[in-house]
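In case you want the letters, here they are:
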Amino acid sequence: MSNTVKKAGNSLIQSRSENLCQIDFDHIWHPFTQSSQWFADHPLIVERAEGFYLYDPEGRGYLDGVSSLWCNVHGHSHPAFTKAGKEQVENLVHSTMLGLSHSPIIECTERLVSLLPAHLSRIFYSDSGTSAVEAAIRISLEWWQKQGGEKGKQKTKLLSLAGAYHGDTLGAVGIGFLDFFHKALNKSVVQSHRVRTPHIFRFEQGCSESEAMEQSVSELKEFLLQEGDSIAAFFVEPLVQGAAGIWVYPPEYLKEIESLCRKHDIHLIIDEVATGFGKTGQIFAHQIAGIEADLLVMGKGLSGGLLAISAVACREEIFKGFHGKPSEGKTFFYGQTFAGNPLAARFAEVNLSLFQDSALMEGARERIAKYTALLDRRLKPLDWVDEVRQLGFMTGIELTSKPGSRSAWKSDQQVGAKIVKAARDRGVFIRPLGNVIVLMPAIAMPEEDLEKLVQVTADAIDEVCGSESS
Ligand SMILES: Cc1ncc(COP(=O)(O)O)c(C=O)c1O
């Protein structure tokens, strides 16, 4: 295993980046990162960020094309957050939510409930998207058991969409099990039932949009006729399955899901961890379909993408299922040390206050229209682009190794990683998901930076795919 930093030039003096890099190589284990690849190149080390740029220790700027893992909303070092954060640090940085409350979380909640649909009036806080998803799993399964009766007792299983991603703890892996990532856990994880979304029929089986819709709805109906009574909750990423490769499905499918959940008495749990806070052109993606969630999961952008805080919003009726005398055994025994942390809650409160001004989403929608035109003009016509899937700022660029046909690049060619490197050399940070290049700009990114993001991505795709194919 070679993990020695490659020096820039012949200099005997190590730069600050090289020093940091050596310590990183010697001691840090990065998530979702193959160390042999990590050690092969000098990594980008971020020392500070401002606006929509990340800066390395030498002061080089890189446009943040994936909003720091789909989180950042208003840009980095935004003055409203810096001011509120400084004040909060001086007052209270951490205190617990277990048997205690604090003012930032209460003020954050007041804003959150005013932004959410009225029926989602009760908020449970956590510290990451995954731990909020786990909370939602537990709330639903426990709620049905605490309801008791024949019906409640039967509801012990979960349903989710094929290709779903809901996080990385074992409960979340159970509803988002993927062989590629989780094969080694096959015998250890309780897997949910799965149904296939319209895009699977469209992309993999070549069905038309309407055939794909018909097939997926009939698969779902058939499944629920057999198994509906045993299903406690149906977990969905609304309209866009992000980590699967930005797969977009039509609002009509989500509407069908809602009506079938009502028919079979199943909690509809909408996971807006990735889609929430403006990325799709609405504050929440499920609003586009005009449906109601029973439980709504939020993370990432809740704090403007600055600190770890997440939440599950639910109907009061669900909360009441856990209310009773201590001896009744209804208490929800679930939580994390840093759940609802005060500093993170203060950032969330600032973020929510910015969303209360309708100008924010109006501006975002205008930029989405311009961004869409850029994708149409600069990316879609490229030979190496099979299709561009997009909802708002959430963008997946499916590559092809043979122009004009559906033909993924071989994984050992590492085309995605090479495109990311070529973009980085041009001052833009993006990430691949297998054969897909993902763009996810912050919703406040100005037009000139959106243009740079799209143009650099197009140039990097052209350069790498062109040389790999020759
Ligand atoms: C839809 C969805 N749910 C849950 C998660 C997990 O969130 P976190 O990484 O904050 O645990 C993610 C992360 O990308 C996600 O996309």
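Residues numbered from 1 in each chain as written. Predicted model: local features only at pLDDT ≥ 70, side-chain atom pairs only at ≥ 80, totals over all residues.

*Asks:* For this particular structure, what's the right way to read the site of the ligand?
*Replies:* Gly129, Thr130, Gly167, Val273 and Ala274 are the nearest of the 15 residues found near the ligand. Looking at the shell around the ligand residue by residue, the classes come out as 5 nonpolar, 7 polar and 3 charged. (Near = placed C-beta within 6 Å. Nonpolar A, V, L, I, M, F, W, Y, C, P; charged D, E, K, R; others polar.)

*Asks:* How should the domain arrangement of the protein be read in this particular structure?
*Replies:* By convention, interface size is frequently given as the accessible area that disappears when the constituent parts associate. Structurally, the protein comprises domain 1 (79-355) and domain 2 (359-469). Between domain 1 and domain 2, the C-alpha centre-to-centre distance is 28 Å. Here the residues of the side of domain 1 that touches domain 2 sort into 9 nonpolar, 5 polar and 1 charged. (Domains from an automatic or database assignment.)

*Asks:* Looking at this model, I keep getting lost on the sheet that holds strand S11 (residues 295-298). Mind explaining?
*Replies:* Reading across the sheet, the 7 strands line up as S4-S12-S11-S10-S7-S5-S6 and stay open at both edges, with mixed pairing between neighbours. In this open sheet, the two strands that pair with only one neighbour each are strand S4 (122-126) and strand S6 (193-195). Across the sheet, the axes of successive neighbouring strands diverge by a mean angle of 20°, strand direction being ignored. The pairing of strand S5 (residues 157-161) with strand S7 (residues 231-236) spans 4 bridges and is classified as parallel. Counted as the bridge partner of leucine 158 is alanine 233 from S7. Packing of helix H6 (residues 129-147) onto the sheet brings it into contact with S4, S5, S7, strand S10 (267-271), S11 and strand S12 (310-314), and relative to S12 it is tilted by some 30°. (Pairing = 2+ DSSP bridges. Helix = DSSP H or I, 4+ residues; strand = E, 2+ residues; numbered from the N terminus. Axes fitted to C-alpha atoms, helices over the stretch in contact; angles between N-to-C directions. Contact = placed C-beta atoms within 7 Å.)

*Asks:* Is there a simple way to explain the sheet that holds strand S3 (residues 61-64) in this structure?
*Replies:* Each strand in a sheet pairs with its neighbour through backbone hydrogen bonds, running either in the same direction (parallel) or in the opposite one (antiparallel). Across the sheet, 4 strands lie side by side as S1-S2-S3-S15; this open sheet has mixed pairing. Two strands in the sheet have a free side with no partner beyond their single neighbour: strand S1 (48-50) and strand S15 (428-429). As judged from the 3 bridges shared by strand S2 (residues 53-55) and S3, these two strands associate in the antiparallel manner. Across the sheet, tyrosine 53 pairs through a bridge with leucine 63, a residue of S3.

*Asks:* Explanation requested: the nonpolar core in the structure shown.
*Replies:* Generally speaking, nonpolar side chains in soluble globular proteins are found buried as a group. If you look at the biggest cluster of nonpolar residues, it comprises 126 residues, and the most contacted ones within it are Ala136, Phe234, Ile269, Val297 and Val312. If one sorts the elements of this core by residue count, helix H18 (residues 447-469) sits on top with 9 residues. Residue assignment places this core across two domains, with domain 1 (79-355) and domain 2 (359-469) each supplying three or more. When residues no more than four places from it in sequence are discounted, the contact partners of valine 297 are Ala132, Val133, Ala136, Ile269, Ile270, Asp271, Glu272, Val273 and Val312. (Core = buried A, V, L, I, M, F, W, Y, C linked by C-beta atoms within 7 Å. Buried ≥ 20, exposed ≤ 12 C-beta atoms within 10 Å, placed from the backbone.)

*Asks:* Please clarify how helix H12 (residues 251-263) should be interpreted in this entry.
*Replies:* Side chains that are three or four residues apart share a direction in an α-helix, a result of its 3.6 residues per turn. Here H12 spans 19 Å end to end across 13 residues, near enough to the 18 Å set by a 1.5 Å rise per residue. Along H12, the residues classified as buried are Tyr253, Leu254, Ile257, Glu258 and Cys261. Angularly, the buried residues of H12 cover 145° about the axis, an arc narrow enough to put them on a single face. Turned more than 90 degrees off the buried face of H12, the exposed positions are Ser259, Arg262 and Lys263. Against helix H10 (198-205), helix H11 (209-227), S7, S10 and helix H13 (286-289) lie the buried residues of H12. Where H12 ends, the next residue or the one after it, aspartate 265, has phi of about 55°, a positive value. (Expected span 1.5 Å × (residues − 1). Arc of directions from axis to C-beta.)

*Asks:* Is there a simple way to think about the packing of helix H4 (residues 79-91) against helix H15 (residues 342-355) in this case?
*Replies:* Packed helices, taken two at a time, are described by their axes: the angle between them and the distance between them. Direction vectors running N to C along H4 and H15 enclose 150°, while the axes themselves pass 9 Å from each other. In terms of their interaxial angle, H4 and H15 are classed as roughly antiparallel. Along this stretch, H4 crosses H15, giving a crossing that reads as right-handed. On H15, the residues that touch Ala80, Phe81, Ala84, Gly85, Gln88 and Val89 of H4 are Pro342, Leu343, Arg346, Phe347, Val350 and Leu354. Broken down by class, the residue content of the contact of H4 with H15 amounts to 9 nonpolar, 2 polar and 1 charged. (Parallel < 35°, antiparallel > 145°, perpendicular 65-115°, else oblique. Left-handed = near helix turned anticlockwise from the far one by under 90°.)

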